[in-house]
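# Structural overview
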Amino acid sequence: NTLLKVPGLISLPELIKSADSGVADSQYELALAYEKGGTQGIERNKDLAKKWLTKASEGGHALSTLKLADSNFSSGDFTAAYTRYELAAKQGSPSAQIKIGQAYLTGERISQDLEKAEVWLRKALLDPIEKAKAERLLKDLEKAKDSLLAQRNLLALKATLADFSIWYRDWE
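Residues numbered from 1 in each chain as written. Predicted model: local features only at pLDDT ≥ 70, side-chain atom pairs only at ≥ 80, totals over all residues. Heavy atoms only, no water.

## Examining the overall build of the protein
- Within the protein, the regular secondary structure consists of 8 helices and 0 strands.
- Counted from the first residue to the last, the protein has its helices and strands arranged as α-α-α-α-α-α-α-α.
- Going through the 172 residues of the protein one by one, you find that 35% of them count as buried.
- Contacts in the protein between residues at least 24 apart in sequence constitute 38% of all its contacts with a sequence separation of at least 6.
- About 10,700 Å² of surface is accessible on the protein, with carbon and sulfur atoms providing 53% of the total. (Helix = DSSP H or I, 4+ residues; strand = E, 2+ residues; numbered from the N terminus. Buried < 20%, exposed > 50% of the residue type's maximum accessible area, 1.4 Å probe, protein only. Contact = heavy atoms within 4.5 Å. Areas by Shrake-Rupley, 256 points an atom, 1.4 Å probe, with all protein chains shown as cover.)

## Re the environment of A62
- For A62, the position within the fold is in helix α4 (residues 62-74).
- A sequence separation of 34 residues divides A62 from Y28, and the C-alpha atoms of the two residues are 9.9 Å apart.
- Other than its neighbours up to four places away in sequence, A62 contacts A88, Q91 and S93.

## A closer look at the confidence of the model for the protein
- Chain-level statistics for the protein give a pLDDT mean of 87 and a share of 81% at 70 or above.
- Least confident of the elements in the protein is helix α8 (residues 131-171), whose mean pLDDT is 77; most confident is α4, at 97. (pLDDT = per-residue confidence, 0-100.)

## Structural notes on α4
- For α4, with 13 residues, the first-to-last C-alpha span of 18 Å sits near the 18 Å given by 1.5 Å per residue.
- Residues of α4 that are buried: A62, S64, T65, L66, L68, A69 and N72.
- Within two residues after α4, G76 carries a phi angle of roughly 90°, on the positive side. (Expected span 1.5 Å × (residues − 1).)

## Focus on unusual backbone geometry
- Here R109, not a glycine, exhibits a phi torsion of approximately 65°, which is positive.
- Along the chain, R109 turns up in the loop between α6 (94-106) and α7 (114-124).

## Considering the side chain of D127
- Take D127: it is sitting in the loop between α7 and α8.
- Lacking a salt bridge, the buried D127 has K131 as its closest oppositely charged neighbour, with an N-O distance of 11 Å. (Lys, Arg positive; Asp, Glu negative; His and termini not counted. Salt bridge = Lys/Arg side-chain N within 4 Å of Asp/Glu carboxyl O.)

## What about helix α5 (residues 78-90)?
- Over its 13 residues, α5 runs 18 Å from end to end, which matches the ideal 18 Å to within 8%, given 1.5 Å per residue.
- For α5, the set of buried residues is A81, Y82, Y85, E86, A88 and A89. Projected down its long axis, α5 shows its buried positions confined to an angular sector of 160°, all on one face. Along α5, exposed side chains directed more than 90 degrees from the buried face belong to T79, T83 and K90.
- Looking at the buried side of α5, the elements it contacts are α4, α6 and α7.
- G92 occupies a position one or two residues after α5 and carries a positive phi of about 105°. (Arc of directions from axis to C-beta.)

Right, here's the structure in full:
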């Protein structure tokens, strides 16, 4: 019998002791327990849930960071959300890699950066669950690159034509 998903812990005091000692998995599980309530007598407490998620995130726990990012996004704090999505992606969360990669691809609520988008989406390819979504987004990325290249070529052509018209006018 284990408490929640932390191997070897069978009581709430053990989970709290483990979380207090800095074990990120325990901090995450304790956060979930406070978020839901009802686990071995724990009352629902969103403030304590956030406290433990933050501690777990600071300890490198990618799921905690992702959960905090989703919370920031839902509350409309997009700057904090994307900062945390990128941190969760660095911590190895494929879901975060998809989310931050897609954000950089579309430029929605964050500066568009196709190079960063590609980096994160290629990392997400390694996850079997996120692979199909990453492949689709990488196809969208290639279309965006082609479009950007076409726009740059058109601007270069316009500049060349403008230079030529000035040269021709001066030549006449």
